[in-house]
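# Survey of secondary and tertiary structure
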Amino acid sequence: DGFEDWLRARRQGDGAAAAPALLRGAGAARRAVDVAVLPLPMAAYGGAVAPIGDAVAEEVSRLLGRTGLLDVMSHLSAREAGLDWRNAFAINGANVAFAVSGRVRSDAPRLEADVELHDLQAGTLFWSRGYSGSAEGGSADASVPAQIARAVFRSIAQRSVDLSQTQPLGTLADRQVLIAAVRLMHLAATDSFARSGRLLDELLARPAPGAAALAWRAKWHVMRVQRGLSPDPAQDRAAALSLADQALQQDEECTLAATVQGFVHSHLMRDFAAAEAKYAAALEVNASDAFASLLLGVTRAFQDVPDEAIALTERARRLSPLDPEAYFFQSLGATAYLCGRRFEEALSLAERSLAANRNHPSTQRVKVIALQMLDRGDAARRAAADLLSLEPSLTIKGYLARHPAAESASGQEFARALAAAGVPAS
């Protein structure tokens, strides 16, 4: 029963089509899992799983789960598959899309890992790569588990983007469309951002789109204003608040929706008290919510409270080393350091952010200010020229009119730095 319908869906490219009972085992309820991270054996243990290999697999699973976009098999469940990725097909009746396998070698404090990503639905090896570094400590986003998790996440996200460009959208599962939309939303290209909005609209047009889709669409509207792409910022602001409210009506614990509402209040309306209430609500649901911590931190920077700002933005970056908008975390971290007059660190983070997304005007503004405050006038003027090519209408008057920190002492000082670097007065 159902075989012909299933076969027709497969031929049309719907990799998520549910298999009929005969194929999946009579009465077996199969749930979709995006990725399973299998135990990593170690040569020194005769090919058995050593504590360090188990810890690496557990950390990779944890980091992938924190993206909020992937359904990750629990580490304890993945252990049941042993060392053979083929067994990931059958763990607890799960329908697994990707499996991570490999092995580790340790020569403390260095750790090396050979890792493979398997596309279980296609039955192919997606890639095989080597990683080296620390098991933990130092820079959280440079550890071996973080390197592995970042590569896995980007590959799965890119696969969803590719499918959204080559398959009819109606054949893609909701999760595939959402992952593709989020990936495209955070790319530098303007056309990628626009396509992200269309994918989110596709999701919202489906029956029961879910709180996550509504919250991400709300965030898209805020980002359109932040990126200087909005033809009507007031309309985008209203749309963001309305969509976030709809998300919270569906799921009162949707922390992204509450955080987006705070984003609107802090960055677009300068209502810091209302913003902090929204961030507090998100953090009450999930104390480890990286996005809420990040925005609360930069809101404290706007209020000239640098120590809190730096601590919160640094915590946010530690909590989410795989965030699809890492450049944004770096940009707001740079703003916090700027507020704390730690200009070298602000400049370093701004340059890292611009390397990932050079089309983000606020990051370029941080770079100009940091260079000017470091008395590197020639470099500041060159950076200001780059800034004005990104934001031709920028003036000091406009900056003071719309920037959330404009009324603070730091905001006034930074406006003078922009003017000294060559940004016109009006």
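Thresholds, definitions, all that
Residues numbered from 1 in each chain as written. Predicted model: local features only at pLDDT ≥ 70, side-chain atom pairs only at ≥ 80, totals over all residues. Heavy atoms only, no water. Helix = DSSP H or I, 4+ residues; strand = E, 2+ residues; numbered from the N terminus. Buried < 20%, exposed > 50% of the residue type's maximum accessible area, 1.4 Å probe, protein only. Contact = heavy atoms within 4.5 Å. Areas by Shrake-Rupley, 256 points an atom, 1.4 Å probe, with all protein chains shown as cover. Salt bridge = Lys/Arg side-chain N within 4 Å of Asp/Glu carboxyl O. Phe/Tyr/Trp six-rings, centres within 6.5 Å; stacked < 30°, edge-to-face > 60°. Lys NZ or Arg CZ within 6 Å of the ring centre and 35° of its normal. Core = buried A, V, L, I, M, F, W, Y, C linked by side-chain atoms within 4.5 Å. Expected span 1.5 Å × (residues − 1). Polar contact = N/O pair within 3.5 Å; in protein donor to acceptor, adjacent residues only side chain to side chain. Axes fitted to C-alpha atoms, helices over the stretch in contact; angles between N-to-C directions. Parallel < 35°, antiparallel > 145°, perpendicular 65-115°, else oblique. Nonpolar A, V, L, I, M, F, W, Y, C, P; charged D, E, K, R; others polar. Pairing = 2+ DSSP bridges. Left-handed = near helix turned anticlockwise from the far one by under 90°.

Turning our attention to the overall build of the protein chain. Along the protein chain, the regular secondary structure elements total 19 helices and 4 strands. Looking at the 426 residues of the protein chain, the share that counts as buried comes to 51%. Here the contacts in the protein chain between residues at least 6 apart in sequence split such that 57% fall between residues at least 24 apart. Accessible area for the protein chain stands at about 18,600 Å²; split by element, carbon and sulfur atoms hold 50% of it.

Within the element layout of this structure, Pro 209 appears in the loop between α7 (190-204) and α8 (211-226). On the accessibility criterion, Pro 209 (23% relative accessible area) is partly exposed. A C-alpha to C-alpha distance of 9.8 Å links Pro 209 and Ala 247, two positions 38 residues apart in sequence. For Pro 209, the residues in contact, after removing those within four places along its chain, are Leu 203 and Leu 204.

Our focus in this paragraph is the pattern of salt bridges. On inspection of all chains with the given rule, the structure shows 19 salt bridges. For Arg 402, the salt bridge identified is with Glu 391, shortest N-O distance 2.2 Å. In this pair, Arg 402 sits in helix α18 (residues 396-402) while Glu 391 sits in the loop between α17 (377-390) and α18, placing the two residues 11 residues apart along the sequence. Several salt bridges share partner residues, and in doing so they unite Asp 34, Asp 71 and Arg 175 into one network.

Within the structure shown, the criterion is met by 6 aromatic pairs. Consider the rings of Phe 263 and Phe 291, whose centres lie 5.9 Å apart with planes at 80 degrees: the pair is edge-to-face. Here Phe 263, found in helix α10 (residues 255-268), pairs with Phe 291, found in helix α12 (residues 290-302); they are 28 residues apart in sequence, far enough to count as distant. Accessibility assignment for this pair places Phe 263 and Phe 291 in one class, buried. Exposure remark for Phe 263: the relative accessible area of 1% places this residue in the buried category. A cation over an aromatic ring shows up here: Arg 217 above the ring of Trp 220, its NZ or CZ 4.3 Å from the ring centre. Seen from the ring of Phe 291, Lys 219 lies directly overhead, with NZ or CZ sitting 3.9 Å from the centre.

Okay, the nonpolar core next. Counting residues in each nonpolar core, the largest one holds 88 residues, and the members touching the most others are Val 35, Leu 64, Ile 148 and Val 152. The element best represented in this core is helix α5 (residues 144-166), accounting for 10 residues. Within the second largest apolar cluster, 32 residues are counted, among which are Ile 310, Ala 350, Ala 379 and Ala 415.

The subject of this paragraph is helix α19 (residues 409-421). Here α19 is 13 residues long and its end C-alpha atoms lie 19 Å apart, about the 18 Å a rise of 1.5 Å per residue gives. Buried residues along α19 sit against α14 (326-339), α15 (343-356), α16 (361-373), α17 and α18.

Turning to the side chain of Ser 101, a few remarks are in order. Topologically, Ser 101 is positioned in strand β2 (residues 94-107). In this structure Ser 101 comes out as buried when scored by relative accessible area, which is 7%. Within the structure, the side chain of Ser 101 is placed 2.9 Å from the side chain of His 118, a separation counted as a polar contact.

Peptide bonds are mostly trans, and most non-glycine residues show a negative phi. Phi at Arg 341 takes a positive value of approximately 60 degrees, unusual for a residue other than glycine. Position of Arg 341 relative to the elements: it lies in the loop between α14 and α15. Phi at Asp 375 takes a positive value of approximately 60 degrees, unusual for a residue other than glycine. Mapped onto the elements of the fold, Asp 375 is located in the loop between α16 and α17.

What follows is about α8. The terminal C-alpha atoms of α8 lie 23 Å apart, and with 16 residues this matches the ideal 22 Å at 1.5 Å per residue to within 8%. Of all 16 residues that make up α8, 14 are buried, and the element is covered over most of its length. Gly 228, located one to two residues past α8, shows a positive phi value of around 70 degrees.

Bringing the side chain of His 267 into the picture now. Mapped onto the fold, His 267 is located in helix α10. Within the structure, the side chain of His 267 is placed 2.8 Å from the side chain of Ser 266, a separation counted as a polar contact. With near-sequence residues (within four places) excluded, His 267 lies in contact with Gln 226, Leu 295, Val 298, Phe 302, Arg 402 and Pro 404.

Let's shift gears to the packing of α16 against α19. Two quantities define a packed helix pair, namely the angle between the axes and the distance from one axis to the other. Contact pair α16 / α19: the axes reach a minimum separation of 9 Å and the direction vectors enclose 85 degrees. Comparing the axis directions of α16 and α19 gives the class roughly perpendicular. Between α16 and α19, the contacting residues are Arg 365, Val 368, Ile 369, Gln 372 and Met 373 on the first element and Glu 413, Phe 414, Ala 417, Leu 418, Ala 420 and Ala 421 on the second. Partitioned by chemical class, the residues of the contact of α16 with α19 number 8 nonpolar, 1 polar and 2 charged.

This part covers the environment of Ser 320. Within the secondary structure layout, Ser 320 lies in the loop between α13 (306-319) and α14. Counting along the chain gives 31 residues from Ser 320 to Asp 289, while the straight-line C-alpha distance between them is 8.7 Å. The residues touching Ser 320, leaving out its near neighbours within four places in the chain, are Ala 290 and Phe 329.

With that settled, the discussion passes to the pairing of strand β3 (residues 110-119). With 10 bridges connecting them, β3 and strand β4 (residues 124-134) associate as antiparallel partners. Opposite Ala 113, over in β4, you have Tyr 131 as the bridge partner. Between β3 and β4, which pair antiparallel one after the other, the connecting turn spans 4 residues, and Gly 123 there sits at a positive phi close to 70 degrees.

Bringing the packing of α10 against helix α11 (residues 272-285) into the picture now. Direction vectors running N to C along α10 and α11 enclose 165 degrees, while the axes themselves pass 8 Å from each other. Classified by the angle between their axes, α10 and α11 sit roughly antiparallel to one another. As α10 runs across α11, the sense of the crossing is left-handed. Side by side, α10 and α11 meet where Thr 255, Ala 258, Thr 259, Gln 261, Gly 262, Phe 263, His 265 and Ser 266 of the first sit next to Phe 272, Ala 274, Ala 275, Lys 278, Tyr 279, Ala 282 and Val 285 of the second.

That is the geometry; function is a separate question.
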